[in-house]
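Overview (structure and organization)
Listed below, chain by chain, are the residues.
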Amino acid sequence: MSLLEDLQWRYATKKMNGAKIPPEKLDYILEATRMAPSSSGLQPYKVIVISDPALLEKIKGIAYNQTQITDCSHLLVFAAWDSYSGERVTQVFNYMMDERGLPHSNMDAYKQTILGLYETKGTEWQAHHAAKQSYIAFAMAIAAAAEQKVDATPIEGFLPEKLDELLNLRDSGYHSTVLLPLGYREAGQDWLVNMKKVRMPKELFVTEMTLADAADNQEAPMEMNLDAFTQK
Ligand SMILES: Cc1cc2nc3c(=O)[nH]c(=O)nc-3n(C[C@H](O)[C@H](O)[C@H](O)COP(=O)(O)O)c2cc1C
C-alpha cells in the first residue's frame, strides 16, 4: 500500500478492542518516531510508553474518560523540554559530534547563536517551541502506525498539568504535549469507522503564489550573518 492509501485507511479511532500489538510493530512505530526531524536536531522531547492497566486507568480519568486510553495496547505520551538550557543543548550537540567523530568545538559558534536567540525569547516560548517539535514526531508515529495497520487516536483532550504530576514529568524538566493510544479498532462499536474522511478541498488548501501576489511594501530584510547556521 502507498503512504496515501495508508493515510486514507487510518482514522482517529474512537473505540479500540483491547488487543495487543506485536512488539516488532511497536518497535517499528517508535523507531519511525525517533527518526523525526527537529529544529537543529535537538529532539527536545521524549516518548513515554505505557501499557500498565492501572496507570492507564488513572490517565483515562484525566483525559475526559476517553476509552481508547484503557482499550489500547500501548499509550504513547509525548513530552517536551520545558526550556533550552545550555547544559541540555551542549549534551545533545556533544553526543552528535561524538557520533560523527568530530570535536565538540565544531558546534560552539552555532550553539552560542541558538542559545542567545532562544534566551531572548523566554522560557514560555522555549516550552512552546519544544512542544511544536514533539508534534512532528507525533505525526511520524501516526503515519508509521497506519503503515503497520495499527490503529491510533491522536489525543489532546487531557489535562496536561495533572498528567505531568502523575508521571513526575516536571521534576525532569518535561511537560506532556499530546497522547497517542495504539491498538486495534472495535469496528462494530465505532461510530467513525465507516464515515467518509473529510479534508478541505485541494484548491482551498493549496495556494500557489508569485511575487505579483505578495505584499510589495516590505522593507529590505535586515542584514544577518548566518555563518553559524551554515557552517559545515
Ligand atoms: C492534535 C490532535 C488532537 C486530537 N485530540 C483528540 C481527542 O482528544 N480525542 C479524539 O477522539 N480525537 C482527537 N483528535 C482527532 C481529530 O478529531 C481527527 O484527527 C480529525 O477529526 C481528522 O479525522 P481523522 O483523524 O479520523 O482523519 C485529535 C487530533 C489531533 C491531530
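Read on for a plain summary of the structure. (Residues numbered from 1 in each chain as written. Predicted model: local features only at pLDDT ≥ 70, side-chain atom pairs only at ≥ 80, totals over all residues. Heavy atoms only, no water.)

Regarding the overall build of the chain
Within the chain one finds 9 helices and 4 strands. Secondary structure elements of the chain occur, N-terminal to C-terminal, as α-α-β-α-α-β-α-α-β-α-β-α-α. Principal-axis analysis of the C-alpha atoms places the extent of the chain at approximately 60 × 50 × 35 Å. Considering the chain as a whole, with its 232 residues, one finds that 38% of them fall into the buried category. Long-range contacts, defined here as pairs at least 24 residues apart, represent 81% of the contacts in the chain between residues at least 6 apart. Carbon and sulfur atoms make up 55% of the accessible area of the chain, which amounts to about 14,200 Å² in all. When the 23 positive and 31 negative side-chain charges of the chain are each reduced to one mean point, those points stand 6 Å apart. (Helix = DSSP H or I, 4+ residues; strand = E, 2+ residues; numbered from the N terminus. Buried < 20%, exposed > 50% of the residue type's maximum accessible area, 1.4 Å probe, protein only. Contact = heavy atoms within 4.5 Å. Areas by Shrake-Rupley, 256 points an atom, 1.4 Å probe, with all protein chains shown as cover. Lys, Arg positive; Asp, Glu negative; His and termini not counted. Charge placed at Lys NZ, Arg CZ, Asp CG, Glu CD.)

Topic: the packing of helix α5 (residues 86–100) against helix α6 (residues 108–147)
As a packed pair, α5 and α6 sit with axes 11 Å apart at the nearest point and diverge in direction by 145°. Both α5 and α6 take part in a crossing whose hand is right-handed. Contacts between α5 and α6 pair Gly86, Val89, Thr90 and Phe93 from the former with Tyr110, Lys111, Ile114 and Leu115 from the latter. Of the residues belonging to the contact of α5 with α6, the class tally is 5 nonpolar, 2 polar and 1 charged. (Axes fitted to C-alpha atoms, helices over the stretch in contact; angles between N-to-C directions. Left-handed = near helix turned anticlockwise from the far one by under 90°. Nonpolar A, V, L, I, M, F, W, Y, C, P; charged D, E, K, R; others polar.)

Side note on the nonpolar core
Leu75, Leu180 and Leu182 are the most contacted members of the largest nonpolar core, which totals 53 residues. It is α6 that provides the largest number of residues to this core, a total of 12 residues. With sequence-adjacent residues up to four places away left out, leucine 182 is seen in contact with Met16, Ile21, Leu26, Ile29, Cys72, Ser73, His74, Leu76, Ala145, Val150, Asp151 and Ala152. (Core = buried A, V, L, I, M, F, W, Y, C linked by side-chain atoms within 4.5 Å.)

Things to note about the environment of alanine 131
Structurally, alanine 131 is set in helix α6. Expressed as a C-alpha distance, the spacing of alanine 131 and arginine 170, which sit 39 residues apart in the sequence, is 14 Å. Excluding residues that lie within four positions of it along the chain, alanine 131 makes contacts with Ala80, His175 and Thr177.

What to know about the environment of valine 89
Residue position: valine 89 is located in helix α5. Under the relative-accessibility criterion, valine 89 is labelled buried at 0%. Along the primary structure valine 89 and alanine 145 are separated by 56 residues, whereas in three dimensions their C-alpha atoms are 30 Å apart. Leaving out residues up to four positions away in the same chain, valine 89 has contacts with Leu42, Trp81, Tyr84, Lys111, Ile114 and Leu115.

Topic: the packing of aromatic side chains
Inspection of every chain in the model, using the stated rule, returns 6 aromatic pairs. The interplanar angle of 55° and the centroid separation of 5.2 Å between the aromatic rings of tyrosine 118 and tryptophan 125 together place this pair among those described as tilted. Relative to phenylalanine 138, the ring of tyrosine 135 lies with its centre 5.6 Å away and its plane at 70°, an arrangement referred to as edge-to-face. With tyrosine 135 and phenylalanine 138 both in helix α6 and 3 residues apart, the pair spans about one turn of that helix. The rings of Trp81, Tyr84, Tyr118 and Trp125 are connected pair by pair, giving a single aromatic cluster. One residue, lysine 46, lies across the ring of tyrosine 174, its end atom 4.3 Å from the ring centre. Above the face of the tryptophan 9 ring, lysine 149 is positioned so that its terminal group lies 4.8 Å from the ring centre. (Phe/Tyr/Trp six-rings, centres within 6.5 Å; stacked < 30°, edge-to-face > 60°. Lys NZ or Arg CZ within 6 Å of the ring centre and 35° of its normal.)

Digging into a nonpolar patch on the surface
A contiguous nonpolar surface patch, about 490 Å² in accessible area, is contributed by Met200, Leu204, Phe205 and Val206. With a relative accessible area of 66%, phenylalanine 205 lands in the exposed category. (Patch = residues over 30% accessible without salt bridge, like charges linked within 9 Å, V, L, I, M, F, W, Y side chains within 5 Å. Salt bridge = Lys/Arg side-chain N within 4 Å of Asp/Glu carboxyl O.)

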